[in-house]
Amino acid sequence: MNHLYTKEERMWAMIVHLSALIGFIIPLGNVLGPLIIWLVKKETSSFVDTHGKEALNFSITVTIYAAISYLLLIVFIGALLLIALFLFWAVFLIMAAVKANEGGDFRYPLTFRFIK
(Lines give C-alpha, C1' and ligand atoms only; values in the text may rest on other atoms or scores of the structure.)
Protein backbone atom coordinates (compact mmCIF):
# COMPACT_ATOMS: atom_id res chain seq x y z
CA MET A 1 0.00 0.00 0.00
CA ASN A 2 1.25 3.46 -0.86
CA HIS A 3 1.36 5.73 2.19
CA LEU A 4 2.17 8.88 0.24
CA TYR A 5 -1.54 9.65 0.02
CA THR A 6 -4.05 9.86 2.83
CA LYS A 7 -6.85 7.36 3.21
CA GLU A 8 -9.33 10.09 2.24
CA GLU A 9 -7.43 10.94 -0.96
CA ARG A 10 -7.32 7.28 -1.96
CA MET A 11 -11.02 6.91 -1.18
CA TRP A 12 -12.00 9.90 -3.36
CA ALA A 13 -9.75 8.70 -6.18
CA MET A 14 -11.51 5.33 -6.04
CA ILE A 15 -14.95 6.97 -5.91
CA VAL A 16 -14.20 9.12 -8.97
CA HIS A 17 -13.68 5.93 -10.99
CA LEU A 18 -16.68 4.09 -9.53
CA SER A 19 -18.95 7.11 -10.01
CA ALA A 20 -19.21 6.12 -13.67
CA LEU A 21 -21.61 3.41 -12.49
CA ILE A 22 -24.22 6.16 -12.08
CA GLY A 23 -24.67 5.72 -15.84
CA PHE A 24 -26.90 2.73 -15.04
CA ILE A 25 -29.37 5.13 -13.38
CA ILE A 26 -28.93 8.50 -15.13
CA PRO A 27 -28.40 8.95 -18.88
CA LEU A 28 -24.80 10.07 -19.45
CA GLY A 29 -24.20 9.55 -15.73
CA ASN A 30 -21.05 7.66 -16.65
CA VAL A 31 -19.60 11.05 -17.67
CA LEU A 32 -21.44 13.28 -15.18
CA GLY A 33 -20.41 11.25 -12.11
CA PRO A 34 -16.64 11.53 -12.65
CA LEU A 35 -17.02 15.12 -13.90
CA ILE A 36 -18.85 16.34 -10.79
CA ILE A 37 -16.52 14.59 -8.34
CA TRP A 38 -13.44 15.78 -10.23
CA LEU A 39 -14.67 19.39 -10.29
CA VAL A 40 -15.42 19.33 -6.57
CA LYS A 41 -12.24 17.56 -5.41
CA LYS A 42 -9.55 18.55 -7.93
CA GLU A 43 -8.35 21.51 -5.84
CA THR A 44 -7.96 19.49 -2.65
CA SER A 45 -5.59 16.79 -3.95
CA SER A 46 -3.34 16.35 -6.96
CA PHE A 47 -3.86 12.59 -6.61
CA VAL A 48 -7.64 12.93 -6.95
CA ASP A 49 -7.13 15.47 -9.75
CA THR A 50 -5.02 12.99 -11.74
CA HIS A 51 -7.47 10.13 -11.23
CA GLY A 52 -10.42 12.40 -11.98
CA LYS A 53 -8.97 13.44 -15.33
CA GLU A 54 -8.21 9.84 -16.20
CA ALA A 55 -11.69 8.64 -15.21
CA LEU A 56 -13.36 11.47 -17.10
CA ASN A 57 -11.31 10.88 -20.24
CA PHE A 58 -12.14 7.17 -20.10
CA SER A 59 -15.85 7.84 -19.63
CA ILE A 60 -15.95 10.24 -22.57
CA THR A 61 -14.01 7.79 -24.74
CA VAL A 62 -16.30 4.87 -23.84
CA THR A 63 -19.33 7.04 -24.63
CA ILE A 64 -17.90 7.78 -28.07
CA TYR A 65 -17.17 4.09 -28.65
CA ALA A 66 -20.72 3.22 -27.55
CA ALA A 67 -22.23 5.76 -29.95
CA ILE A 68 -20.25 4.26 -32.82
CA SER A 69 -21.30 0.76 -31.77
CA TYR A 70 -24.96 1.84 -31.69
CA LEU A 71 -24.61 3.15 -35.23
CA LEU A 72 -23.17 -0.21 -36.24
CA LEU A 73 -26.23 -2.04 -34.91
CA ILE A 74 -27.56 -1.77 -38.45
CA VAL A 75 -25.04 -4.44 -39.30
CA PHE A 76 -24.91 -7.08 -36.59
CA ILE A 77 -21.35 -6.23 -35.57
CA GLY A 78 -22.65 -3.38 -33.38
CA ALA A 79 -24.18 -5.82 -30.89
CA LEU A 80 -20.89 -7.68 -30.55
CA LEU A 81 -19.01 -4.41 -30.14
CA LEU A 82 -21.40 -3.25 -27.41
CA ILE A 83 -20.90 -6.49 -25.48
CA ALA A 84 -17.13 -6.27 -25.83
CA LEU A 85 -17.18 -2.59 -24.88
CA PHE A 86 -19.23 -3.28 -21.75
CA LEU A 87 -16.79 -6.00 -20.63
CA PHE A 88 -13.80 -3.77 -21.41
CA TRP A 89 -15.39 -0.89 -19.47
CA ALA A 90 -16.30 -2.99 -16.42
CA VAL A 91 -12.93 -4.73 -16.12
CA PHE A 92 -10.84 -1.59 -16.45
CA LEU A 93 -13.14 0.44 -14.22
CA ILE A 94 -12.65 -2.07 -11.41
CA MET A 95 -8.90 -2.26 -12.02
CA ALA A 96 -8.61 1.54 -11.85
CA ALA A 97 -10.68 1.76 -8.66
CA VAL A 98 -8.54 -0.88 -6.94
CA LYS A 99 -5.31 0.77 -8.07
CA ALA A 100 -6.53 4.17 -6.84
CA ASN A 101 -7.49 2.70 -3.47
CA GLU A 102 -3.98 1.25 -3.19
CA GLY A 103 -2.50 4.70 -3.87
CA GLY A 104 -1.16 3.93 -7.33
CA ASP A 105 -1.56 5.53 -10.71
CA PHE A 106 -3.62 3.96 -13.48
CA ARG A 107 -3.81 4.71 -17.20
CA TYR A 108 -6.78 3.36 -19.12
CA PRO A 109 -5.85 1.80 -22.47
CA LEU A 110 -7.39 3.01 -25.75
CA THR A 111 -8.41 6.30 -24.16
CA PHE A 112 -8.41 9.69 -25.81
CA ARG A 113 -6.85 12.30 -23.53
CA PHE A 114 -9.26 15.21 -23.92
CA ILE A 115 -8.45 16.68 -20.50
CA LYS A 116 -4.77 16.96 -19.65
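See the structure printed just above.
All values derive from a computational prediction rather than experimental measurement.

> Explain the overall build of the protein chain to me, using residue names and the numbers behind them.
Scanning the protein chain from terminus to terminus reveals 4 helices and 0 strands. Helices and strands appear in the protein chain in the N-to-C order α-α-α-α. Computed over its C-alpha atoms, the radius of gyration of the protein chain comes to 15 Å, within 12% of the 13 Å expected for a compact globule of 116 residues. Along the first, second and third principal axes, the C-alpha atoms of the protein chain reach 50 × 25 × 25 Å. Here the protein chain holds 116 residues, and 37% of them are scored as buried. Restricting to contacts in the protein chain with at least 6 residues of sequence separation, those with at least 24 account for 63%. Carbon and sulfur atoms provide 74% of the accessible area of the protein chain, an area that totals close to 6,900 Å². Side chains of the protein chain give 9 positive and 7 negative charges; the mean places of these two sets differ by 4 Å.

> Before we move on, could you go through the nonpolar core and cite the residues and values that matter?
What tends to happen in soluble globular proteins is that the nonpolar side chains get buried as a cluster. Judged by nonpolar contacts, Ala20, Phe58, Val62, Ala66, Leu85, Phe88, Trp89, Leu93, Ala96, Phe106 and Tyr108 together constitute the single largest core of 11 residues. Elements supplying a minimum of two residues to this core: helix H3 (46–71) and helix H4 (77–102). Among the elements that line this core, the one with the most residues is H4, at 5 residues. Beyond its immediate chain neighbours, meaning those up to four positions away, Trp89 contacts Ala20, Leu21, Phe24, Phe58 and Val62.

> For H3, give the residues involved together with the corresponding values.
Owing to its 3.6 residues per turn, the α-helix aligns residues three or four sequence positions apart on the same side. Between the first and last C-alpha of H3 there are 38 Å, a value that for 26 residues agrees with the 38 Å anticipated at 1.5 Å per step. Two or three places before Phe47, at the start of H3, stands the capping residue Ser45, its side-chain oxygen 3.2 Å from that residue's backbone nitrogen.

> Go over the packing of helix H1 (residues 7–18) against H3 with me, naming the residues and quoting the values.
Here H1 crosses H3 at 10°, and the two axes come no closer than 9 Å. As the angle between them shows, H1 and H3 are arranged roughly parallel. Contact residues: Glu9, Arg10, Trp12, Ala13, Val16 and His17 in H1; Phe47, Val48, His51, Gly52 and Ala55 in H3. The residue inventory of the contact of H1 with H3, partitioned by class, reads 6 nonpolar, 3 polar and 2 charged.

> I'd like a rundown of the environment of Leu110, residues and numbers included.
Positionally, Leu110 belongs in the segment after H4. Distance in space between the C-alpha atoms of Leu110 and Ser59 is 12 Å, their sequence separation being 51 residues. When residues no more than four places from it in sequence are discounted, the contact partners of Leu110 are Thr61, Tyr65 and Phe88.

> Just give me the short version of the pattern of salt bridges, but keep the residues and values in it.
The full count for this structure, using the stated rule, is 3 salt bridges. With a shortest N-O distance of 3.5 Å, Lys53 and Asp49 are connected by a salt bridge. Here Lys53 pairs with Asp49, and both are found in helix H3, just 4 residues apart, close to one helical turn. Here Glu54 ties to Arg113 by a salt bridge, and the two come within 2.9 Å at their closest N and O atoms. Taken together, the residues Glu54 in helix H3 and Arg113 in the segment after H4 connect sequence positions 59 residues apart. The exposure class of Glu54 is buried, given its relative accessible area of 4%. What emerges from the salt-bridge pattern is a single network uniting Glu54, Arg107 and Arg113.

Thresholds, definitions, all that
- Residues numbered from 1 in each chain as written.
- Predicted model: local features only at pLDDT ≥ 70, side-chain atom pairs only at ≥ 80, totals over all residues.
- Heavy atoms only, no water.
- Helix = DSSP H or I, 4+ residues; strand = E, 2+ residues; numbered from the N terminus.
- Rg over C-alpha atoms; globule rule 2.2 N^0.38 Å.
- Buried < 20%, exposed > 50% of the residue type's maximum accessible area, 1.4 Å probe, protein only.
- Contact = heavy atoms within 4.5 Å.
- Areas by Shrake-Rupley, 256 points an atom, 1.4 Å probe, with all protein chains shown as cover.
- Lys, Arg positive; Asp, Glu negative; His and termini not counted.
- Charge placed at Lys NZ, Arg CZ, Asp CG, Glu CD.
- Core = buried A, V, L, I, M, F, W, Y, C linked by side-chain atoms within 4.5 Å.
- Expected span 1.5 Å × (residues − 1).
- Polar contact = N/O pair within 3.5 Å; in protein donor to acceptor, adjacent residues only side chain to side chain.
- Axes fitted to C-alpha atoms, helices over the stretch in contact; angles between N-to-C directions.
- Parallel < 35°, antiparallel > 145°, perpendicular 65-115°, else oblique.
- Nonpolar A, V, L, I, M, F, W, Y, C, P; charged D, E, K, R; others polar.
- Salt bridge = Lys/Arg side-chain N within 4 Å of Asp/Glu carboxyl O.

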